[in-house]
Amino acid sequence: MQFAFDSMLGLGLLACAAGVFWSRDLFRSVVMFIAFGLLLALTWVRLEAPDLALAEAAIGAGLTGVLLLDAIGHLRQHNEHSPRNHWLLPLLCCIALALLLILSFNARPEASISLPQLVAESLPESGVEHPITAVLLNFRSYDTLLEIAVLLVAAVVAMALNDGLAAAARTSTEQSNRDPVLAGFTSRLAPVILLVAIYVLWAGSYMPGGAFQGGAILAAGLVLLKLADFHIERYAESLLRLGLAFGFLVFLAVATSVMIGGRPFLTYPEAFAGQFILFIEAVLTFSIGLILFSLFNQSPGQEVPHDN
Amino acid sequence: MIYLQYLLVGAGCLFFIVGTLGLLRFPDTFTRIHAITKADNLGLGLLMLGLLPSTESLPQALKLILIWLLVLAASATASYLIAHYVKAQSPDALPHADTTSEEQD
């Protein structure tokens, strides 16, 4: 039974991947890509990696899908035809990468120390109960700090590239054509999304969840609000920009402030490690949500106001 | 109890299969929406009802119900948006959609 399900999942993944490459128009490819992401999330669940499944579903399928759909919308505005004759090169790259991964997986060196065991042994000192969160926010928090920096840089670059365009689009579509059904649905859903984001963040300390997943959910809520024509980013633009950097700044401040007490960079006092991690994760959730949203927000918007 | 669960989950799956069949075979967007929303609403509802007795705690059961309600609201909104968009693109493309959709929904 399990085998049947797993093989169907694997075949479905392959079929979706083939669909992404060979479907006739871009829109169908993107829809296939989103389906691929959802199946991949299920695959991670079957591989007992629920943290990855959450991240894949929220970021891989959800937000990337929205970004791609938005990009198609802009492509269609400029030229109706979007020829698909560039599938050979990406396909070859993907196959080469897959082969490389398979080879390196088979030829991986024998681990001299058992990392899972090491994590399990020092879990009580980390301040949280979920090993993934312990690794991300305590044992290897250096990586997480740099990841946030990379995200922040990506958002800043997107803003720098697009500032003029966005400003032009903003003035052109000032009048709101808010759809009543979508607006009603979104305004009722927004508090639920916020609650779920906070729940996922809170759950991160003892089960799968955490700042990235919570932030992705928060970003999804913000994207939904924008799609429903609630432009909250217009009311607080400078606050938004501050919020982008807030997570990284707080993380860095906490990381360096422990040095005052004579501790090394990025180590937490053991008695308060749990609180430190929760605090950092809370600001990170907020900032990741804003960063992911602002990547979407940088899209130039509808340049030609439609008549309908 | 377990047979009732089998029955409910089986019926839910049937609705999904029929809905997918409708999505693939029906001629235009409006009838397809009609088919696929049945799968979302009834199929998922029956699946949820069938799974409810297997839940271990009240919060878990409530989460299942919440998922169903969220999908219900989201699929209704999405179907409306798709139908609205199609109608705006080609107002004359639907000869009798207004009357039939009211009767069936």
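Looking at an unreviewed UniProt entry, one finds chain B named Na+/H+ antiporter subunit G, with Aliidiomarina sedimenti as its source organism.

An unreviewed UniProt entry lists chain A under the name Sodium:proton antiporter, from Aliidiomarina sedimenti. Recorded in UniProt under Sequence similarities (unreviewed entry), the annotation for chain A is "Belongs to the CPA3 antiporters (TC 2.A.63) subunit B family." Listed in UniProt under the heading Subcellular location (unreviewed entry), the comment for chain A reads: "Cell membrane".

Each helix and strand counted, chain A has 12 helices and 0 strands in total. Element order for chain A, N to C, with α for helix and β for strand: α-α-α-α-α-α-α-α-α-α-α-α. In chain A, which comprises 308 residues, the proportion classed as buried is 27%. Expressed as a percentage of contacts within chain A between residues at least 6 apart in sequence, the contacts between residues at least 24 apart total 74%.

In this assembly, 5 residues from chain B lie in contact with 4 residues from chain A. Grouping the amino acids of the side of chain B that touches chain A by side-chain chemistry returns 4 nonpolar, 1 polar and no charged.

A few words on the environment of Leu244(A). All names here are of chain A. With respect to the element layout, Leu244 can be found in helix α11 (residues 237-257). For Leu244, a count of 22 C-beta atoms within 10 Å corresponds to the buried category. The spatial distance from the C-alpha of Leu244 to the C-alpha of Leu224 is 19 Å, given a sequence separation of 20 residues. Once residues lying within four places of it in the same chain are set aside, the contact partners of Leu244 are Leu152, Ala155, Ser287, Leu290, Ile291 and Ser294.

The subject of this paragraph is the UniProt feature "transmembrane region" (unreviewed entry) in chain B. Mapped onto this structure's residue numbering, the UniProt feature "transmembrane region" (unreviewed entry) falls at residues 6-24 and 65-86 of chain B. Taken end to end, residues 65-86 of chain B comprises 100% helix and 0% strand; its first and last C-alpha atoms sit 32 Å apart.

Quick look at the packing of helix α8 (residues 180-203) of chain A against helix α9 (residues 211-227) of chain A now. Residue and element names in this part refer to chain A. The N-to-C vectors of α8 and α9 enclose an angle of 170 degrees; their axes lie 8 Å apart at closest approach. Looking at the two axes, α8 sits roughly antiparallel to α9. Seen from α8, the contacting residues are Thr186, Leu189, Ala190, Ile193, Leu194, Val196, Ala197, Val200 and Leu201; seen from α9, they are Ala211, Gln213, Gly214, Ile217, Leu218, Ala220, Gly221, Leu224 and Leu225. Broken down by class, the residue content of the contact of α8 with α9 amounts to 14 nonpolar, 4 polar and no charged.

Moving on: the domain arrangement of chain A. All names here are of chain A. In terms of domain boundaries, chain A breaks down into domain 1 (1-79 + 87-97) and domain 2 (126-308). For domain 1 and domain 2, the distance between their C-alpha centres works out to 24 Å. Residue-level contacts link 13 residues of domain 1 with 17 residues of domain 2. In terms of residue class, the side of domain 1 that touches domain 2 is built from 8 nonpolar, 3 polar and 2 charged.

With that out of the way, let us pick up the nonpolar core. All names here are of chain A. Membership of the largest hydrophobic core comes to 53 residues, with the highest contact counts inside it found for Ala58, Leu63, Ala216, Ala219, Ile291 and Leu292. Sorting the residues of this core by element identifies α2 (26-46), α3 (50-78), α6 (131-139), α7 (141-172), α8, α9, α11 and α12 (273-297) as the ones contributing at least two each. Counting residues per element, this core draws most heavily on α12, which supplies 12 residues. Looking at which domains feed residues into this core, each of domain 1 (1-79 + 87-97) and domain 2 (126-308) supplies at least three. Residues contacting Ala58, with those up to four places away along its chain left out, are Leu63, Gln213, Ala216, Ile217 and Ala220.

Parameters at a glance
- Residues numbered from 1 in each chain as written.
- Chains lettered and ligands numbered in written order.
- Predicted model: local features only at pLDDT ≥ 70, side-chain atom pairs only at ≥ 80, totals over all residues.
- UniProt positions renumbered as here; feature names shortened; annotations may be inferred.
- Helix = DSSP H or I, 4+ residues; strand = E, 2+ residues; numbered from the N terminus.
- Buried ≥ 20, exposed ≤ 12 C-beta atoms within 10 Å, placed from the backbone.
- Contact = placed C-beta atoms within 7 Å.
- Nonpolar A, V, L, I, M, F, W, Y, C, P; charged D, E, K, R; others polar.
- Axes fitted to C-alpha atoms, helices over the stretch in contact; angles between N-to-C directions.
- Parallel < 35°, antiparallel > 145°, perpendicular 65-115°, else oblique.
- Domains from an automatic or database assignment.
- Core = buried A, V, L, I, M, F, W, Y, C linked by C-beta atoms within 7 Å.

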